[in-house]
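Commentary on secondary and tertiary structure
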Amino acid sequence: MKDTNQVQEALESKAKKELQRVVDSFVIELNKLNNTYRSPNFYHMTESRSTSAKEFSCIRPGCVETILKDMLVEAYLEPMVNKKTQELLNKLELI
């Protein structure tokens, strides 16, 4: 690696792959349910079952993976990279 930008990119790539494994695992289990019981045309997503719950949308099964991946990347990528950066610095005994 030539510079710190490449290190940062490598850490981001590693974090994204870790998040993708979580999504892949979920999608595999979801596909098992679909194959066993039914294959829905859409998923109706709401915050809760209460009448005042926020409704997200009717999600096509093919979009679930993308939505989950984007949701996890938005929520976890930065803290994961920060933690992996700190772990790397600790191993190198720079800080």
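Because the structure is predicted, anything quoted here is derived from the model rather than measured.

Conventions and cut-offs
Residues numbered from 1 in each chain as written. Predicted model: local features only at pLDDT ≥ 70, side-chain atom pairs only at ≥ 80, totals over all residues. Heavy atoms only, no water. Helix = DSSP H or I, 4+ residues; strand = E, 2+ residues; numbered from the N terminus. Rg over C-alpha atoms; globule rule 2.2 N^0.38 Å. Buried < 20%, exposed > 50% of the residue type's maximum accessible area, 1.4 Å probe, protein only. Contact = heavy atoms within 4.5 Å. Areas by Shrake-Rupley, 256 points an atom, 1.4 Å probe, with all protein chains shown as cover. Lys, Arg positive; Asp, Glu negative; His and termini not counted. Charge placed at Lys NZ, Arg CZ, Asp CG, Glu CD. Patch = residues over 30% accessible without salt bridge, like charges linked within 9 Å, V, L, I, M, F, W, Y side chains within 5 Å. Salt bridge = Lys/Arg side-chain N within 4 Å of Asp/Glu carboxyl O.

**A word on the overall build of the protein chain**
- Of regular secondary structure, the protein chain possesses 2 helices and 2 strands.
- Reading the helices (α) and strands (β) of the protein chain from amino to carboxyl end gives α-β-β-α.
- Here the C-alpha atoms of the protein chain give a radius of gyration of 18 Å, more than 25% beyond the 12 Å that 2.2 N^0.38 yields for 95 residues.
- C-alpha extents for the protein chain along the principal axes are approximately 55 × 35 × 20 Å.
- Buried positions account for 19% of the 95 residues belonging to the protein chain.
- Excluding contacts between residues fewer than 6 apart, the proportion of contacts in the protein chain whose partners are at least 24 apart in sequence is 50%.
- About 7,900 Å² of surface is accessible on the protein chain, with carbon and sulfur atoms providing 53% of the total.
- A distance of 5 Å separates the average location of the 14 positive side-chain charges in the protein chain from that of its 14 negative side-chain charges.

**Notes on a positive patch on the surface**
- On the surface, K14, K17, R21 and K91 cluster together into a positively charged patch.
- By residue number, the principal contributor to the positive patch is helix α1 (residues 4-36), which donates 3 residues.
- With respect to the element layout, K14 can be found in helix α1.

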